[in-house]
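Spelled out, the chains give:
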Amino acid sequence: MAMSSSFCPITLLVKTNNTHRLKFCTAMAMCSSFCPQLPAHFRATPISSFSPRLQVFVSSKAFSVQAASAKADESRARIGFLGLGIMGSPMAQNLIKVGCDVTVWNRTKSKCDPLISLGAKYKPSPEEVAAACDVTFAMLADPESAVEVACGKNGATVGMSPGKGYVDVSTVDGGTSKLIGGQIKATGASFLEAPVSGSKKPAEDGQLIFLTAGDKSLYEIAAPFLDIMGKSRFFLGEVGNGAAMKLVVNMVMGSMMASFSEGLLLSEKVGLDPNVLVEVVSQGAISAPMYSMKGPSMIKSQYPTAFPLKHQQKDLRLALGLAESVSQPTPIAAATNELYKVAKSHGLSDSDFSAVIEALKAKLQS
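Because the structure is a prediction, the values reported are computed rather than measured. (Residues numbered from 1 in each chain as written. Predicted model: local features only at pLDDT ≥ 70, side-chain atom pairs only at ≥ 80, totals over all residues. Heavy atoms only, no water.)

Draft legend 1. Quick look at the overall build of the protein chain. Regarding its fold elements, the protein chain presents 14 helices and 11 strands. Counted over contacts in the protein chain with a minimum sequence separation of 6, partners at least 24 positions apart contribute 68%. Surface accessibility of the protein chain: about 16600 Å² in total, with carbon and sulfur atoms responsible for 55%. (Helix = DSSP H or I, 4+ residues; strand = E, 2+ residues; numbered from the N terminus. Contact = heavy atoms within 4.5 Å. Areas by Shrake-Rupley, 256 points an atom, 1.4 Å probe, with all protein chains shown as cover.)

Listed below in structure tokens is the structure:
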């Protein structure tokens, strides 16, 4: 890509094997911000025809660029983002902050307003977002919402066409992902599933993990944007593999949280300080950031929502369905799922998934 008068050299922070090093290079940055540039002929040519792009992990917080007065370059990628909930909003915001041309949509229009104030454009339907953008990301709450937004009336598929890409970062089952992918590909566009591992804080900090599968060429095109929103990404092959990996990860996470909750309550029951338990667990072989992050608030019966409990239970349900499809016994996950269902019955659906401890408290009281 040739140097344009609209751009200037910058210093990038390149992440390599979880370490950071400064690498001086000549890169293209729009005015006082950075956004990956798509090939100038992207809108007229199917994604599958492009050769692989140079991929770098970019930290927008690692550099600043002197403002320039030149007008925007026409090749700047037009990015759509559908779904602005707990996860989608900070993900889209990170794209906007580095200068990407972002167009947003959400069922509740008011959730778009903070992003519009930061420079995002708005369209009143997924169809119009997809039609206006080169690559459209979707972050929806469940399989039903993901299908409706992609394939329903005024859905994204209506606005898709050859040369465009659709990246679904929602957590859904493999069957749903394949259904959406098939509808997208029928329009001549390309499809990538890319569910994320991470919750609200990682989304805000651009530290998500993307579990992708599908069109490899779209993966290469989307990689710079995934790197803005996350810390790592994996390409897992055919559509369905990304969804399966995410469900396995969340099955393990939900079970870990349930076991941790039991431990906190048992320590208190036998006269131990649960705060000390958190410290001990956090320094041993079973240490996980989740324990030290969630433990102190759980002890205080406080559950600020980073990952809603209803979504954790949904993922457990989908994981159990995945296991059933291959005749894999998952007794621990099955028991854990029942515990989350009890928590939901106590009105904790919208609380953080760590509120599952309240279901155990209820069992103790009864």
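Moving on, there is more to tell.
Draft legend 2. Broad picture of a nonpolar patch on the surface. A surface patch of nonpolar side chains, about 200 Å² in accessible area, is lined by Val248, Val252 and Leu322. Relative to the elements of secondary structure, Val248 occurs in helix 9 (residues 241-269). (Patch = residues over 30% accessible without salt bridge, like charges linked within 9 Å, V, L, I, M, F, W, Y side chains within 5 Å. Salt bridge = Lys/Arg side-chain N within 4 Å of Asp/Glu carboxyl O.)

Draft legend 3. Seen up close, the layout of surface pockets. Volume-wise, the largest pocket comes out at about 1300 Å³. Along the walls of the largest pocket sit 48 residues, with Met87, Gly198, Ser199, Ala306 and Phe307 positioned nearest its centre. Secondary structure elements with two or more residues in the lining of the largest pocket: strand 9 (196-197), helix 9, helix 11 (289-299) and helix 12 (309-325). Here the lining of the largest pocket takes 6 residues from helix 9, the largest share from any one element. Along the lines of polarity and charge, the residues of the lining of the largest pocket split into 23 nonpolar, 14 polar and 11 charged. (1 Å grid on protein atoms, 1.4 Å probe; cavity = no way out; pocket = protein on both sides within 12 Å on 5 of 7 lines; lining within 4 Å. Points joined across faces, edges and corners; volume = space filled by probe spheres on them. Nonpolar A, V, L, I, M, F, W, Y, C, P; charged D, E, K, R; others polar.)

Draft legend 4. Region of the structure containing the nonpolar core. Residues Phe81, Met91, Leu95, Phe137, Val167, Val169 and Phe210 are the most contacted members of the largest nonpolar core, which totals 35 residues. For this core, the secondary structure elements donating two or more residues are strand 3 (78-82), helix 1 (88-97), strand 4 (101-105), strand 6 (135-138), strand 10 (208-214) and helix 8 (216-229). Considering each element in turn, this core owes the most residues, 8 residues, to helix 8. Here Phe81 is in contact with Gly88, Met91, Ala92, Leu95, Thr103, Val104, Trp105, Val129, Phe137, Met139 and Met229, once residues within four sequence places are set aside. (Core = buried A, V, L, I, M, F, W, Y, C linked by side-chain atoms within 4.5 Å. Buried < 20%, exposed > 50% of the residue type's maximum accessible area, 1.4 Å probe, protein only.)

Draft legend 5. Looking closely at unusual backbone geometry. Of note in the backbone geometry, Asn154 takes a positive phi value of approximately 60 degrees without being a glycine. You can see Asn154 is positioned in the loop between helix 4 (143-151) and helix 5 (156-159). Backbone geometry places Ser327, a non-glycine residue, at a positive phi of 55 degrees. Structurally, the position occupied by Ser327 is in the loop between helix 12 and helix 13 (331-345). Look at Ser327 and you get exposed, because its relative accessible area is 67%.

Draft legend 6. Layout of the pattern of salt bridges. Within this structure, the stated rule accounts for 10 salt bridges. As a salt-bridge pair, Arg233 and Asp227 come within 2.7 Å of each other at their nearest N and O atoms.

Draft legend 7. Local environment of the packing of aromatic side chains. Applying the stated criterion across every chain, the model contains 5 aromatic pairs. Over the aromatic face of Tyr122 sits the side chain of Lys109, whose NZ or CZ is 5.0 Å from the ring centroid. We note Lys216 situated over the ring of Phe235; from NZ or CZ to the ring centre the distance is 5.1 Å. (Phe/Tyr/Trp six-rings, centres within 6.5 Å; stacked < 30°, edge-to-face > 60°. Lys NZ or Arg CZ within 6 Å of the ring centre and 35° of its normal.)

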